[in-house]
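Architecture at a glance
The lines below spell out each chain.
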Amino acid sequence: MSAPRPPLSRQSEVYLEGMAGKKPLVPIHPRRLEEAARRKMTPEAYAYVAGGAGAEATVQANRAAFERRRIVPRMLRDVSARDTSVELFGRTLPAPLLAAPVGVLELAHPEADLAVARAAAEAGVPMVFSSQASVAMEACAAAMGAAPRWFQLYWSRSDALVESFVRRAEGCGCEAVVVTLDTTLLGWRTRDLELAYLPFLRGKGIAQYVSDPVFLASLADPAPPPGGAAKRTVNLHTLGAFAELTRAHPGSFWKNVRSKAPLAAVQQFIATYSRPSLTWDDLPFLRARTKLPILLKGILHPDDARRALDHGIDGIIVSNHGGRQVDGSIATLDALPAVVAAVDGRVPVLMDSGIRGGADIFKAVALGARAVLVGRPYVYALALAGRAGVHELLRNLVADFELTMGLAGCASVSEINAECLAEA
Ligand SMILES: Cc1cc2nc3c(=O)[nH]c(=O)nc-3n(C[C@H](O)[C@H](O)[C@H](O)COP(=O)(O)O)c2cc1C
């Protein structure tokens, strides 16, 4: 009996399909991918996804940090067999790659999180469900079989809601909880401000809340708005926005119009979704409520990483939210080495913000990241070609990483280290 043929590489698949006149679904170059998505998306949706805080200096700095480091390939090492897998919390992943938690995916595609869940499961890439998802985590989990998924938590003003989200995540088979620390307040998002557009006010990106029993029960006793009651103007635009948010709400449109439940849900969401008073002293609350690994996302300072370890945290995600929160904040690739040194191998350190190709994954791993998360690129692929587009994008990233690794002279991820890089 002949040995089974190895699966066709993504690269060979593209070229062979080209012989039959078939082109990739989504552009392969990250700039052309973004440009194609920009043409397809509404101006508001594109601005929300692409935008950063302030003058977007940190969005640029994230990329510049990758540009400043160059790979120094080594020759004449047998790289005929290449192993891109890594181990993370007891799971073997096909590559050091996860799909970052991204909220309001309905801005990119009507199937939103569900399309990403299916694509990620197919690719074996863990998906991190967002607190601001457009589809409830239960529906996404049901579409993923046994594929890995994590849950990202925005710590609400209601501890009961935090507890409920975590319980639901456990019930959904999530294998880790990611607490995002950098968004207790929404950053100064210049593009969204210029368009005066915030999706949550239109009932988008609140699916985890309107499907939650604790949140729904809280509607009977609404919290006061954080900045005081806003002056209301009623005109054609507000009526349009009201219709939009009513459509976004689960259940019948007319029943929702009569009950005003969608408006009540948005108001309650705005009043409670985050807690800027959060401190280190709150972490034991979460620690006591789940046995799942807890990761802190948004760590940029080595002292914060050390403090996280003192609190029994299981992993760190070095992130600046893709430059969406503090304009002028340090690039994540620049912050990574000091955090890795502080953690000293005790827990895995992951990173995100600016990952656009296989070389970026390689550079992050070389500086000590166990894995990286990719954000915007998969949203663009989603906008362009739904689930199939996201699947293709994830496979492209893994294929690009595998080739970069092999061509740099590394047969496995464990061979990638700081000596593989030089400062440009
Ligand atoms: C449109 C958009 C929505 C996001 N929503 C969330 C979210 O709900 N929770 C979260 O922790 N991070 C969120 N992030 C940040 C991502 O998880 C990730 O940190 C960031 O996108 C990485 O940078 P990149 O887009 O340059 O890859 C969001 C990012 C984008 C672009």
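As shown above, the structure is provided for reference.
Residue numbers run consecutively from 1 along every chain, following the written order of its sequence. With pLDDT at 70 or above as the cut-off, local features in this predicted model cover only qualifying residues; side-chain atom pairs require 80 or more to be listed or tallied, and sums for whole chains, interfaces and linings still use all residues. Hydrogens and waters are ignored; side-chain quantities use all the structure's heavy atoms.

So, on to the pattern of salt bridges. Definition used for salt bridges: Asp or Glu carboxyl oxygen within 4 Å of a side-chain nitrogen of Lys or Arg. Taken as a whole and assessed by the stated rule, the structure comprises 24 salt bridges. Of the charged contacts, one joins E13 and R10 as a salt bridge, the two residues approaching to 2.6 Å between their closest N and O atoms. Placement of both E13 and R10 in helix α1 (residues 10–19) is noted, with a separation of 3 residues, approximately one turn of the helix. Residues E175 and R91 are paired through a salt bridge, measuring 2.7 Å at the closest nitrogen-oxygen approach. With a gap of 84 residues between them, E175 in the loop between α7 (159–171) and β7 (177–180) and R91 in strand β3 (residues 91–93) connect regions that are remote in the sequence. Per-residue accessibility, obtained with a 1.4 Å probe over protein chains only, is compared with the maximum for each type, and a residue is labelled buried under 20%, exposed over 50%, and partly exposed between these values. Under the relative-accessibility criterion, E175 is labelled partly exposed at 23%. Several salt bridges converge on common partners, so that one network encompasses R10, E13, E392 and R395. Strands here mean DSSP runs of E at least two residues long; helices mean DSSP runs of H or I at least four residues long; both are numbered from the N terminus.

The next point concerns the packing of aromatic side chains. A pair of aromatic rings is counted whenever rings of Phe, Tyr or Trp (Trp by its six-membered ring) have centres within 6.5 Å, and the orientation is called stacked for planes under 30 degrees apart, edge-to-face for over 60 and tilted otherwise. Under the defined criterion, the tally for this structure stands at 12 aromatic pairs. Ring centres 5.0 Å apart and planes at 85 degrees place the aromatic pair F253 and W254 in the edge-to-face group. With a centroid separation of 5.1 Å and an interplanar angle of 35 degrees, the aromatic rings of F269 and Y273 are classed as tilted. You can call Y273 buried: its relative accessible area is 17%. Each member of the aromatic cluster is reached from another via a ring pair, and the members are Y48, F151, Y154, F165, F200, Y209, F215, F269 and Y273. Only lysine NZ and arginine CZ atoms are considered, and such an atom sits over a ring when it is within 6 Å of the ring centre and within 35 degrees of the ring normal. The side chain of R289 reaches across the aromatic face of F285, ending 3.7 Å from its centre. For the cation-ring pair, R324 lies above Y48, with the distance from its terminal atom to the ring centre recorded as 5.0 Å.

Attention now goes to the packing of helix α5 (residues 112–123) against helix α18 (residues 376–407). In this analysis, axes come from line fits to C-alpha atoms, helices being fitted only over the stretch in contact, and the angle between any two N-to-C directions falls in the range 0 to 180 degrees. It is at 7 Å that the axes of α5 and α18 come closest, and there the two elements cross at 20 degrees. By the angle class used here, α5 and α18 are roughly parallel. Here α5 and α18 pass one another in a crossing that is left-handed. Contact residues: A112, A115, V116, R118, A119, A120, E122 and A123 in α5; Y378, L382, G386, R387, V390, H391 and L394 in α18. Note that Gly is not counted as nonpolar here; it falls among the polar residues with everything else outside the nonpolar set of Ala, Val, Leu, Ile, Met, Phe, Trp, Tyr, Cys and Pro and the charged set of Asp, Glu, Lys and Arg. Each residue belonging to the contact of α5 with α18 can be placed in one class, and the counts come to 10 nonpolar, 2 polar and 3 charged. Roughly parallel refers to an angle under 35 degrees, roughly antiparallel to one over 145, roughly perpendicular to one between 65 and 115, and oblique to any angle outside these ranges. Note: crossing handedness is left-handed where the near helix turns anticlockwise from the far helix by less than a right angle, and right-handed where it turns clockwise. Should any heavy atoms of two residues lie within 4.5 Å, those residues are counted as being in contact.

With that out of the way, let us pick up unusual backbone geometry. Of note, K260 is a non-glycine position whose phi angle comes to about 60 degrees, a positive value. With respect to the helices and strands, K260 occurs in the loop between α12 (253–259) and α13 (261–272).

Definition of nearness: a residue and a molecule or strand are near each other if at least one heavy atom of the residue lies within 4 Å of the molecule or strand. Around the ligand sit 22 residues in total, of which P101, S130, T180, D352 and R356 are the nearest. Polar contacts, as used here, are pairs of N or O atoms within 3.5 Å; protein pairs need one atom able to donate a hydrogen and one able to accept it. Residues neighboring in sequence count only if both atoms are side-chain atoms. With respect to the ligand, the backbone of P101 contributes an N or O atom lying 2.7 Å from an oxygen atom. Interatomic distance of 2.8 Å between a side-chain N/O atom of R356 and an oxygen atom of the ligand. For the area figures, the Shrake-Rupley method with a 1.4 Å probe applies, and any residue is considered shielded solely by the protein chains shown. The fraction of the free accessible surface of the ligand (600 Å²) that becomes covered by protein chains is 98%. Along the lines of polarity and charge, the residues of the shell around the ligand split into 6 nonpolar, 11 polar and 5 charged.

With that settled, consider helix α4 (residues 57–67). Taken together, the buried positions of α4 are occupied by T58, N62, A65 and F66. Down the axis of α4, the buried side of the element spans an arc of 100 degrees, and every buried residue falls inside it. Where the residues of α4 are buried, they touch β1 (69–71), α16 (332–343), β10 (349–352) and α17 (358–366). Working definition: the arc comes from the directions between the helix axis and the C-beta atoms, pointing outward to the latter.

This next bit is on the nonpolar core. Note on terminology: a nonpolar core comprises buried Ala, Val, Leu, Ile, Met, Phe, Trp, Tyr and Cys residues joined through side-chain atoms within 4.5 Å. Of all hydrophobic cores here, the largest spans 127 residues; its most connected members are I316, M351 and Y378. Of the residues forming this core, the biggest block, 13 residues, is contributed by α18. Among residues more than four places away in sequence, those in contact with I316 are L295, L296, I299, A305, A308, V339, V343, V347, P348, V349 and L350.

Turning to α1, its buried residues number three or more, namely R10, E13 and V14. Considered in projection along α1, the buried side chains sweep an arc of 100 degrees and stay on one side of the axis. Exposed side of α1, more than 90 degrees from the buried face: Y15, L16 and M19 are the residues found there. On the buried face of α1, the contacting elements are α18. Directly beyond the C-terminal end of α1, a positive phi value near 80 degrees is found at G21.

Turning our eyes to something else, we now look at the environment of A121. Topologically, A121 is positioned in helix α5. For the pair formed by A121 and E106, sequence separation is 15 residues and the distance between their alpha carbons is 19 Å.

Below, the discussion takes up the packing of helix α3 (residues 43–50) against α18. Here α3 crosses α18 at 160 degrees, and the two axes come no closer than 10 Å. Considering their axes alone, α3 and α18 lie roughly antiparallel with respect to each other. Counted together, Y46, V49 and A50 of α3 and R376, V379 and Y380 of α18 form the full contact between these two elements. Looking at the contact of α3 with α18 residue by residue, the classes come out as 5 nonpolar, no polar and 1 charged.

Mapped onto the elements, H109 comes out in the loop between β4 (97–99) and α5. A polar atom in the side chain of H109 sits 3.0 Å from the backbone nitrogen of E111. Setting aside residues no more than four positions away along its own chain, H109 makes contact with L382 and G386.

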